[in-house]
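# Examination of the molecular architecture
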Amino acid sequence: MDVKEINDVYVSKEFNGQTFTHKLPCELYNDHFENAKRYNIPHAQLIIADIPYNLGNNAYASNPSWYEGGDNSNGESDKAGKLFFKTDENFRIGNFFDFCTRYLKKEPKEPNKAPAMIVFCAFEQMQMVIEEGKKHGLLKSYPLVFIKNYSAQVLKANMKIVGATEYAVVLYRDKLPKFRNKGKMIFNWMTWERDTTHTQVHPTQKPISILKKLIEIFTDEGDVVIDPCAGSGSSLYAARELKRPSYGFEIEKDFYNKAINFLAGVDESEQKAKENGVQTIFNFL
């Protein structure tokens, strides 16, 4: 399995009057999180993950991608009746929580330092996530709701009220997790703005701005962030920008390669154009 460190970020710390500089870890593994032991990664202050929504063959339903060019008059595209990911059917929620509770930091004695998990999931999965968390010692939780000003369900816009929300669950063992609110009240709902500044390389890619906000709330600079279902690598990207060491797992080779490019700042469309011998105006500037 491939292992890639994608980083050019350095951090400095002072100790006994001296300044020490080292590279900030940002590592993505083309492997299953169940094989984490072979990589000797540290325990996390925050585990953040977007688990499969188990949409099955209707993953692209209500989305224009179901049809060629987003137009139903063109007929169905190659995404019609397909899963988002081949690995969705093999996802085991119990194994996922086994990993997460193993790699979360231990409960500290001091207040306001406990670790946490954030699990993005479908609305219908929230109770299942909460109950599975309890089975693994994550006895407490609360929901997060994200409100969009757009919807992917455009094909249903004249038929029903369309979905324009995303959901997540914050889970922790007993003590309230580390909380950095900077003196402001934080509601359990947040605005979800479309990410127009970063390339989308994954169907369920989360906006960097949302991920950075959550990471800032539950961690300090230098705290470890782990994503067992890294997908696009956007959580690692956000953690790196905030100077948090980050580690992620992505089992699908194609998404892993795209995530590596995303983290390295490589534009997929421009790279494909070069591979095909296509020149853009930027090649001549």
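Residues numbered from 1 in each chain as written. Predicted model: local features only at pLDDT ≥ 70, side-chain atom pairs only at ≥ 80, totals over all residues. Heavy atoms only, no water.

### Some details on the packing of helix H1 (residues 93–103) against helix H2 (residues 126–135)
Relative to each other, H1 and H2 sit at 50 degrees, their axes nearing to 10 Å. As the angle between them shows, H1 and H2 are arranged oblique. Two packed elements cross with a definite hand, and for H1 against H2 that hand is right-handed. Judged by residue contacts, Ile 93, Gly 94 and Phe 97 of H1 engage Met 128, Val 129, Glu 132 and Gly 133 from H2. When its residues are assigned to classes, the contact of H1 with H2 shows four nonpolar, two polar and one charged. (Axes fitted to C-alpha atoms, helices over the stretch in contact; angles between N-to-C directions. Helix = DSSP H or I, 4+ residues; strand = E, 2+ residues; numbered from the N terminus. Parallel < 35°, antiparallel > 145°, perpendicular 65-115°, else oblique. Left-handed = near helix turned anticlockwise from the far one by under 90°. Contact = heavy atoms within 4.5 Å. Nonpolar A, V, L, I, M, F, W, Y, C, P; charged D, E, K, R; others polar.)

### Observations concerning the environment of Ile 47
With respect to the secondary-structure elements, Ile 47 resides in strand E5 (residues 46–50). With 179 residues separating them in the primary sequence, Ile 47 and Ile 226 have C-alpha atoms 4.8 Å apart. Leave out the neighbours within four places in its chain, and Ile 47 touches Cys 100, Tyr 103, Leu 104, Ala 116, Met 117, Ile 118, Ile 226 and Pro 228.

### A look at unusual backbone geometry
Of note in the backbone geometry, Asn 112 takes a positive phi value of approximately 60 degrees without being a glycine. Relative to the helices and strands, Asn 112 is located in the loop between H1 and strand E6 (116–121). In this structure Asn 112 comes out as partly exposed when scored by relative accessible area, which is 35%. The backbone of Lys 243 sits at a positive phi, close to 65 degrees, despite the residue not being glycine. (Buried < 20%, exposed > 50% of the residue type's maximum accessible area, 1.4 Å probe, protein only.)

### Structural notes on the environment of Ser 232
Relative to the assigned elements, Ser 232 resides in the loop between strand E10 (225–227) and helix H4 (234–241). Under the relative-accessibility criterion, Ser 232 is labelled buried at 3%. Counting along the chain gives 27 residues from Ser 232 to Ala 259, while the straight-line C-alpha distance between them is 4.6 Å. Apart from the residues within four sequence positions on either side, Ser 232 is in contact with Val 201, His 202, Gln 205, Ala 259 and Phe 262.

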